[in-house]
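Residues per chain, in single letters:
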Amino acid sequence: MLETLKREPKLEIFNRETLIKGKPAQVECIKIDGRTFAITKRPLTTVRLEDEWYEDVRDPEFVIDILTSTSDFKPDIFTFWQRLPDTEVRYQYYLEWESIAVLAIQSYDHWFNKQISSRLRSQLRKATKEGLNVREAAYDDEFVRGMTEIFNEAPVRQGRRFWHYGKDFETVKQQFSRYLFREEMIGAYYGGEMIGFIMLGNAGNYGITGQIISKLKYRDKVTNNALIGKAVEVCAKKNLAYLVYLYWTNDSLAEFKRRCGFQETKVPRYFVPLTRKGKLALKLGLHRGWRATLPGRIKTPLKKLRKSWHGFRAE
């Protein structure tokens, strides 16, 4: 198949705008086989699909051949994964299993009656009776004003400095309009006030939670759970078989995901060393960066310390 595809004699590196930790940034990219790949330069230079939640690497062998045959750009590692629902190992490269949070979708009624607990069902019924209204919305000025108000409610969320705190209307409108071509807006309203929202992405094989957030002062309304329920309804309407809530992590967010019916699902991620440096890093287990090498007994206290520090600064 390599002979039938047009080779690219030179890889042109270009910059693309993105957000990193909520701040505008430039990421270096290259194009191969009609796909955009992002370049990460740390101790190791790594290449991966820029939009790997939304796109597939069509021919890994071809990408590897291009990356190893160019003289002007020599990355150390190429990494890619298989997107849901393709979870069976297909390639012989070194792999590690990536855990993502997946909710299988049949219908809203199935989710409400079979996939969540009776306690959460009662909470959702109560919130609805009290006036919580969750509905599809348009990305207009009213919606953006609601987003901005929610973002500026608190500087710290879940023990972390909140990236979008302090942003004004125009900044929010510009930064969150980049992917409207593949996103649906869902808003949660109470007493005429927008108290939460989710930007639901359509990844073709599944729906994916983009930004999901709600006002802390209305946490008794189980707003985020209700937003997930509406996302399930929208996905079912679009014949999307799954809703994905990014990665599965062992923290308080994982408990929220469990309550909403998400389950841990593993997909294969491949790491292909392209240089001696890449091979050595893979052998030493440094291919994911130094943070990934820290054991849980060290990470947990550090997270608690960070949470206490941000809480102290917010007072």
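Model, not experiment: these values are computed from the prediction. (Residues numbered from 1 in each chain as written. Predicted model: local features only at pLDDT ≥ 70, side-chain atom pairs only at ≥ 80, totals over all residues. Heavy atoms only, no water.)

Q: Describe the overall build of the protein chain, with residues and values.
A: When helices and strands are counted, the protein chain shows nine helices and 14 strands. In the protein chain, which comprises 315 residues, the share counted as buried stands at 45%. Once local pairs closer than 6 in sequence are excluded, the contacts in the protein chain between residues at least 24 apart make up 65%. Counting every atom, the protein chain has about 17600 Å² of accessible surface; 49% of that belongs to carbon and sulfur. (Helix = DSSP H or I, 4+ residues; strand = E, 2+ residues; numbered from the N terminus. Buried < 20%, exposed > 50% of the residue type's maximum accessible area, 1.4 Å probe, protein only. Contact = heavy atoms within 4.5 Å. Areas by Shrake-Rupley, 256 points an atom, 1.4 Å probe, with all protein chains shown as cover.)

Q: Pulling in residues and values, what's your account of the nonpolar core?
A: Across soluble globular proteins, nonpolar side chains show a tendency to be buried alongside one another. Counting 34 residues, the largest nonpolar core has Trp111, Leu124, Ile186, Ile228, Leu243 and Phe262 as its most contacted members. Those elements giving two or more residues to this core turn out to be β6 (94-104), α2 (108-115), α3 (118-129), β10 (183-190), β11 (193-202), α6 (223-237), β13 (242-247) and α7 (252-259). Take this core: its biggest share by element is seven residues, from α6. Residues in contact with Phe262, not counting those within four places in the same chain, are Ala101, Val102, Leu103, Ile228, Leu243, Val244, Tyr245, Trp248 and Lys257. With 19 residues, the next largest nonpolar core counts Ile39, Phe62, Phe73 and Leu274 among its residues. (Core = buried A, V, L, I, M, F, W, Y, C linked by side-chain atoms within 4.5 Å.)

Q: Tell me what's going on with unusual backbone geometry, and back it up with residues and numbers.
A: The step from Leu84 to Pro85 runs through a cis peptide bond, and the omega angle for that step is 5°. With a phi close to 55°, Asp33 is a non-glycine residue in the positive phi region. One can find Asp33 in the loop between β2 (23-32) and β3 (35-41). Phi angles above zero are rare outside glycine, and Val222 is one such case at about 40°. Along the chain, the position of Val222 falls in the loop between β12 (207-214) and α6. Accessibility expressed as a relative area gives 9% for Val222, which makes it buried.

Q: Just give me the short version of the pairing of strand β14 (residues 263-273), but keep the residues and values in it.
A: Note that strand β5 (residues 77-81) and β14 share five bridges and pair antiparallel. Bridged to Ile77 within β14 is Pro273. (Pairing = 2+ DSSP bridges.)

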